[in-house]
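Fold and geometry: a report
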Amino acid sequence: MEEVSVRRIDQLFFEMKQKYIDEREKLREKFAKEGKKLFFVHELCECSEKRKMHLRFPEIERATTYNPRFALGQLVEEALKQRFQNEGENIYMKELTMNDGNYVISGMIDIIDPETKTPIEIKYQTSLQKSPHEHHILQMRAYLWLLGKKHGEIICISPEGLKTYAVSEPLTDEEVIALIKDEKAPRWPEWECQYCPYQEFCNKSIAKHNKPPK
């Protein structure tokens, strides 16, 4: 007889795969049929080459959902969503028209505070930093642009403690368009390649001497 805990853990990883891989690709296919290009907020905040690698090597992306650290972050997020009385997924979209066609930007925000409607992003880390990472700030600024809000918060949680950071400058349409057009690879040269699961296959991967943020 299979242990109950094993089935529960398997269900967790299955749901993560659905949420972060399957549902996103269904949405991408849907908009492609409408002649629209879909970008997820996290893709705008990362290396442009990584976007292409997702499509070239889908098996690698699926494998990342089985990372125990990723699973722990998911469990922390679920616990806080319950604390903030959030049910379901907070998915928002916005369209932009550019010279080469129509684009849809989609973001899945961890938590929307039920009282203030403030977007909140949860980041699980192995250690706390003095300030949030640049790419996390960029992500929240994109969420503020999606929502038409001027204030958001990032909650960083680690075994060392918990810190909350305020973000109060949404991206502009022009900045979002620049992120779409900017073929920057890597976007964060100090650490991104070393942290990337595609580094062994990428022609634009740089030397891997710097430690990635935790």
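Reference entry: report on the structure contained in this document. Everything quoted here is computed from the prediction, not taken from an experiment.

**Details of helix 3 (residues 48–56)**
Every α-helix carries 3.6 residues per turn, so stepping three or four residues along brings you back to the same face. Residues S48, E49, K50, R51, M53 and H54 constitute the buried set of helix 3. Contacts made by the buried residues of helix 3 are with strand 1 (36–40), helix 2 (41–44), helix 4 (58–64) and helix 7 (173–181).

**Structural notes on the pattern of salt bridges**
Taken as a whole and assessed by the stated rule, the structure comprises 19 salt bridges. Between E23 and K26 there is a salt bridge; the shortest N-O distance is 3.9 Å. Within this pair, E23 and its partner K26 are both found in helix 1 (residues 4–33), separated by 3 residues, close to a single helical turn. The partly exposed category is assigned to E23, whose relative accessible area is 43%. Here K52 ties to E183 by a salt bridge, and the two come within 3.4 Å at their closest N and O atoms. Taken together, the residues span a long stretch of sequence, with K52 in helix 3 and E183 in the loop between helix 7 and helix 8 (192–195) at a distance of 131 residues. Connected through salt bridges with shared partners, the residues K19, E77, K81 and E89 form a single ionic network.

**As for the environment of K149**
Structurally, the position occupied by K149 is in the loop between helix 6 (134–147) and strand 6 (152–158). The spatial distance from the C-alpha of K149 to the C-alpha of V167 is 10 Å, given a sequence separation of 18 residues.

**Quick word on the packing of helix 1 against helix 5 (residues 68–83)**
Contact pair helix 1 / helix 5: the axes reach a minimum separation of 11 Å and the direction vectors enclose 85°. Here helix 5 runs roughly perpendicular to helix 1, going by the angle between their axes. Packed against helix 1, whose contacting residues are L12, F13, M16, K19 and Y20, the element helix 5 presents F70, A71, Q74, L75, E77 and E78 at the interface.

**Points about the pairing of strand 7 (residues 161–167)**
Looking at chain direction, strand 6 and strand 7 are connected through 7 bridges and run antiparallel. Along strand 7, the bridge assignment pairs I155 with T164. In textbook terms, the turn of a hairpin is the stretch between consecutive antiparallel strands, and for strand 6 and strand 7 this stretch comprises 2 residues.

**Some details on the layout of surface pockets**
Estimates place the volume of the largest pocket at around 1,600 Å³. Residue lining of the largest pocket: 47 residues in total, with Y20, H42, F70, K123 and Y195 positioned closest to the centre. Looking at the lining of the largest pocket element by element, the count peaks at 6 residues for helix 1. There is about 270 Å³ of room inside the second largest pocket. In terms of lining residues, the second largest pocket is bounded by R28, K37, L38, F39, E43, S48, R51, K52, L55, Y103, I180 and E183. Put simply, the parts of the chain that give the lining of the second largest pocket at least two residues each are strand 1 and helix 3. The element best represented in the lining of the second largest pocket is helix 3, accounting for 4 residues. Classifying every residue of the lining of the second largest pocket by side-chain character gives 5 nonpolar, 1 polar and 6 charged.

The rules we used
- Residues numbered from 1 in each chain as written.
- Predicted model: local features only at pLDDT ≥ 70, side-chain atom pairs only at ≥ 80, totals over all residues.
- Heavy atoms only, no water.
- Buried < 20%, exposed > 50% of the residue type's maximum accessible area, 1.4 Å probe, protein only.
- Helix = DSSP H or I, 4+ residues; strand = E, 2+ residues; numbered from the N terminus.
- Contact = heavy atoms within 4.5 Å.
- Salt bridge = Lys/Arg side-chain N within 4 Å of Asp/Glu carboxyl O.
- Axes fitted to C-alpha atoms, helices over the stretch in contact; angles between N-to-C directions.
- Parallel < 35°, antiparallel > 145°, perpendicular 65-115°, else oblique.
- Pairing = 2+ DSSP bridges.
- 1 Å grid on protein atoms, 1.4 Å probe; cavity = no way out; pocket = protein on both sides within 12 Å on 5 of 7 lines; lining within 4 Å.
- Points joined across faces, edges and corners; volume = space filled by probe spheres on them.
- Nonpolar A, V, L, I, M, F, W, Y, C, P; charged D, E, K, R; others polar.

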